[in-house]
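Summary of the model geometry
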Amino acid sequence: MSSSHRPRRRPAVTAAAALGLLIAAAGIARPTAASAATQDNPPAVPTNLRTSPVTSCDGATIVGDGDIYLYAKVSDPDGGTLGVDFVLSRHDSQSGEAIAEARVSAASGTNGVYLIRRDKLESAAGGSITEFDWKVRAADSDHTSDWSTTCHFSFDPTHPGTPVITEPGASTVGQPLSIAVSAPGNGTVPTGYRYQLNGGAPVNVSADASGNATVTVTPTGSTNVLSVTSVSAGGNYGETATIHIISAPPSTNQADGDLTGDDIPDLLTVGAQNGLPSGLWLAPGTGDGGVSASPSNIGVNGNGYSPPSYFDDSVVITGRFTQGPEQDVLVYFPAGTYVGHGMIIKGNGDGSPLNPVSGNSFNIQGGSLQDIYGDNPVQLANAGNISGRSTGFPDLVGISGDSANGYALNLYASGFVAGLFFPVALNATTPDGTADWNDWTVATTQLPTPGGGSSTAMFLWNKSTGELDLWENLAADPETGDLTYTAYPVATGWHTGAALSLRAADANGDGVPDLWAVSEGGTVTTDLFTDLSSTAPATVTRITGTLTTP
């Protein structure tokens, strides 16, 4: 066969060429060199190294005796899941030998997390404050990043011993007392102390390089318990020392409404209402208008023979009803089993439970406060010396009456014996110009006057309309029944229709009367008034809180 008749050979097709033909036939774009490169990038060096508890990377932070978490943010241009290598070593190690190391997994763009247990840190620290270094790197299946910045922190495994509390000198209820505290005789020197008086809120104080510090407390009762706990540099609590402080009662008269001896008015309210258990609940004032959210039941002893439920249905007011320097408590029953009766219980001056035993209490005989129509008061409040008789015992002011004879505002002028009062009807109309005294609630407080005396201020609230007025500088003539005062229209629409228990006080010490209102659920509303005017409402600042009983 001649060459002109030979069949032509097809050129050979390589596997790569065949793949290219298939890709072209399928309409798939051929990968470029640039796009291929993006499929195999190394991870970035980890960033944002941090710990929990929080430390600074430069090593200036000391953490306490507990676990610690290490965090580092990792990322890879290719995404996916990365291996994250953590290494922890002692800072003073010459070889940099790891005392803890691990590889954890984390998705690109998230944090790798490594937990170092307390026992491992304690073992490496050997009983003293020790500095540690740590660093991180990231890896994918083909590449490993460079190591991150090395961070540092110090770990404190120490727990100081029992501090030494210097026995204090003489102290007085309500007066600040400074007490020296020093370091234990051996072991770790504390860098500070945490102390509590009578189980109150803990307070922290720093110590000097020798472990010496001064704590300042204000005794709240005749017997006080001070506990002091030593604290190490890393915040580890050590041992606790406790002493008892015996304090004398105040030598001067306590401020009006102050039952705890700190010269700040306190909130006293009756239980079995507003969500509070039976008793007399005392919430110490804070001096800025607020009160403690944790009241104590100073009526836990009842009347000495009955349980705290004895006080159910009563109203309570405070004042120097026994002529002592302490604020006493007057209990009166406008309704219920003991209607028309009352008693005065001598105050302790320190906020502790009342002890109505013989010699500490005085009865108000049933019927002794009745008006000329035989009506017992439905309300009572402390009126100071508005009668001008200066018996040394406070007068009272209150409301009595009935639907047939009407209602009136009365003076109950004090006698020269605790618990003795003489009712006198006053020639006074309500702020709306009528005699509808049964629609009004009154609450009083005593304001200091130059020369050491006091004047009586009285709030008047109409529940149905919300009108709230203030009468200051009350003065009553027990012979004629005339009443004089300075009137201020404090507010309109004030808690209209609400069920409230009111207590008046100069709650923030600015010389202007304020109001505490206790409502359902133990809610306490403090209204602080300023800018009193005879023609316009006052300016009000409101504080709210909730009483939580044990």
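This text gives an overview of the structure that appears in the document.

Thresholds applied
Residues numbered from 1 in each chain as written. Predicted model: local features only at pLDDT ≥ 70, side-chain atom pairs only at ≥ 80, totals over all residues. Heavy atoms only, no water. Helix = DSSP H or I, 4+ residues; strand = E, 2+ residues; numbered from the N terminus. Rg over C-alpha atoms; globule rule 2.2 N^0.38 Å. Buried < 20%, exposed > 50% of the residue type's maximum accessible area, 1.4 Å probe, protein only. Contact = heavy atoms within 4.5 Å. Areas by Shrake-Rupley, 256 points an atom, 1.4 Å probe, with all protein chains shown as cover. Pairing = 2+ DSSP bridges. Axes fitted to C-alpha atoms, helices over the stretch in contact; angles between N-to-C directions. Patch = residues over 30% accessible without salt bridge, like charges linked within 9 Å, V, L, I, M, F, W, Y side chains within 5 Å. Salt bridge = Lys/Arg side-chain N within 4 Å of Asp/Glu carboxyl O. Phe/Tyr/Trp six-rings, centres within 6.5 Å; stacked < 30°, edge-to-face > 60°. Lys NZ or Arg CZ within 6 Å of the ring centre and 35° of its normal. Lys, Arg positive; Asp, Glu negative; His and termini not counted. Polar contact = N/O pair within 3.5 Å; in protein donor to acceptor, adjacent residues only side chain to side chain. Core = buried A, V, L, I, M, F, W, Y, C linked by side-chain atoms within 4.5 Å.

**Observations regarding the overall build of the protein**
If you tally the helices and strands in the protein, you get 3 helices and 34 strands. For 550 residues, the compact-globule estimate of 2.2 N^0.38 gives 24 Å, and the C-alpha radius of gyration of the protein, at 39 Å, exceeds that figure by more than 25%. The C-alpha extent of the protein, read off along each of the three principal axes, is 155 × 70 × 45 Å. Counting the 550 residues in the protein, one finds 45% classified as buried. Contacts in the protein between residues at least 24 apart in sequence constitute 53% of all its contacts with a sequence separation of at least 6. Summing over all exposed atoms, the protein offers an accessible surface of approximately 25,900 Å²; the carbon and sulfur share of this is 51%.

**Some details on the sheet that holds strand β6 (residues 111-116)**
Pairing between sheet strands relies on hydrogen bonds along the backbone, with the strands arranged either parallel or antiparallel. The strand order β1-β3-β6 describes an open sheet built from 3 strands, whose pairing is antiparallel. The sheet is open, and its two edges are formed by β1 (47-52) and β6, each paired on a single side. Taken over all neighbouring pairs, the strand axes of this sheet differ in orientation by 15 degrees on average, direction set aside. Judged from the 4 bridges that link them, β1 and strand β3 (residues 68-73) form a sheet pairing that is antiparallel. Across the sheet, Thr 47 pairs through a bridge with Lys 73, a residue of β3.

**Side note on a nonpolar patch on the surface**
Taken together, the side chains of Phe 416, Val 417, Leu 420 and Phe 422 define a hydrophobic patch exposed on the protein surface, amounting to about 400 Å² of accessible area. Position of Phe 422 among the secondary structure elements: in strand β26 (residues 421-425).

**Concerning the packing of aromatic side chains**
Under the definition given, this model contains 12 aromatic pairs. Here Trp 471 and Tyr 485 contribute two aromatic rings whose centre-to-centre distance is 3.7 Å and whose plane-to-plane angle is 5 degrees, an arrangement assigned as stacked. Of this pair, Trp 471 sits in strand β29 (residues 468-476) while Tyr 485 is found in strand β30 (residues 483-491), placing the two residues 14 residues apart along the sequence. Overall, the relative accessible area of 2% leaves Trp 471 in the buried class. Under the relative-accessibility criterion, Tyr 485 is labelled partly exposed at 32%. Linked through ring pairs, Tyr 310, Phe 311, Phe 333 and Tyr 338 together constitute an aromatic cluster. The ring of Tyr 71 carries the charged tip of Arg 50 above its face, separated from the ring centre by 4.2 Å. Against the face of Trp 147 rests Lys 135, its NZ or CZ located 4.7 Å from the ring centre.

**Some details on the sheet that holds strand β23 (residues 377-384)**
Taken in spatial order, the 4 strands line up as β23-β24-β25-β26 in an open sheet, and their pairing is antiparallel. The open sheet is flanked by β23 and β26, the only strands paired with a single partner. Here the strands of the sheet are splayed against their neighbours by 30 degrees on average, with no regard to which way each runs. Note: strand β24 (residues 395-402) against strand β25 (residues 406-414), 7 bridges, orientation antiparallel. Residue pairing in the sheet places Gly 398 in a bridge with Asn 410 of β25.

**What about the pattern of salt bridges?**
Under the definition given, this model contains 8 salt bridges. The salt bridge partner of Glu 122 is Arg 118, with a shortest N-O separation of 3.0 Å. Of this pair, Glu 122 and Arg 118 both sit in helix α3 (residues 118-125), 4 residues apart, which is roughly one turn of the helix.

**A few points about the side chain of Asp 133**
Assignment of secondary structure puts Asp 133 in strand β7 (residues 130-139). Here Asp 133 is buried and forms no salt bridge, its nearest opposite-charge partner Lys 135 lying at an N-O distance of 8.7 Å. Of the polar contacts made by the side chain of Asp 133, one reaches the side chain of His 152; its length is 2.5 Å.

**Remarks on the pairing of strand β32 (residues 514-519)**
Consecutive side chains of a regular strand alternate in pointing toward one face of the sheet and then the other. Extensive coverage of β32 is indicated by the burial of 6 of its 6 residues. Side chains of β32 alternate between two faces, with Asp 514, Trp 516 and Val 518 and Leu 515, Ala 517 and Ser 519 buried alike. Across 5 bridges, strand β31 (residues 501-505) lies against β32 in antiparallel orientation. Within the sheet, the bridge partner assigned to Leu 502 lies in β32 and is Ala 517. With 5 bridges joining them, β32 and strand β33 (residues 523-530) adopt antiparallel strand pairing. Each residue of the ladder has a partner; that of Val 518, found in β33, is Val 524. In this structure, the hairpin formed by β32 and β33 is closed by a connection of 3 residues, where Gly 521 is found at a positive phi of approximately 85 degrees.

**Some thoughts on the nonpolar core**
Core analysis: the largest hydrophobic core is formed by 25 residues, its most contacted members being Phe 86, Leu 88, Leu 121, Trp 134 and Phe 153. Elements with a contribution of two residues or more to this core: β3, β4 (81-90), β5 (98-107), β6, α3, β7 and β8 (151-155). Sequence-distant contacts of Leu 121, defined by excluding residues within four places in its chain, comprise Gly 66, Ile 68, Leu 88, Ile 116, Phe 132, Phe 153 and Phe 155. With 20 residues, the next largest nonpolar core counts Ala 383, Trp 440, Leu 474 and Ala 476 among its residues.

**Looking at the environment of Pro 489**
Checked against the element boundaries, Pro 489 lands in strand β30. Residues Pro 489 and Asp 258, 231 residues apart in the sequence, show an inter-C-alpha distance of 27 Å.

**Some points on unusual backbone geometry**
The omega torsion across Ser 52 and Pro 53 is 0 degrees, close enough to zero to call that bond cis. As for its placement among the helices and strands, Pro 53 is situated in the loop between β1 and β2 (58-63). Residues other than glycine seldom take positive phi values, yet Asn 48 does so here, at roughly 55 degrees. Note on placement: Asn 48 falls in strand β1. A relative accessible area of 51% places Asn 48 in the exposed class.

**Regarding the environment of Asn 204**
Here Asn 204 is to be found in strand β12 (residues 203-206). For the pair Asn 204 and Leu 447, spaced 243 residues apart in sequence, the C-alpha to C-alpha distance is 36 Å. If near-sequence neighbours (up to four positions away) are discounted, Asn 204 is found in contact with Tyr 193 and Arg 194. Reaching out from Asn 204, the side chain makes a polar contact with the side chain of Arg 194 at a distance of 3.2 Å.

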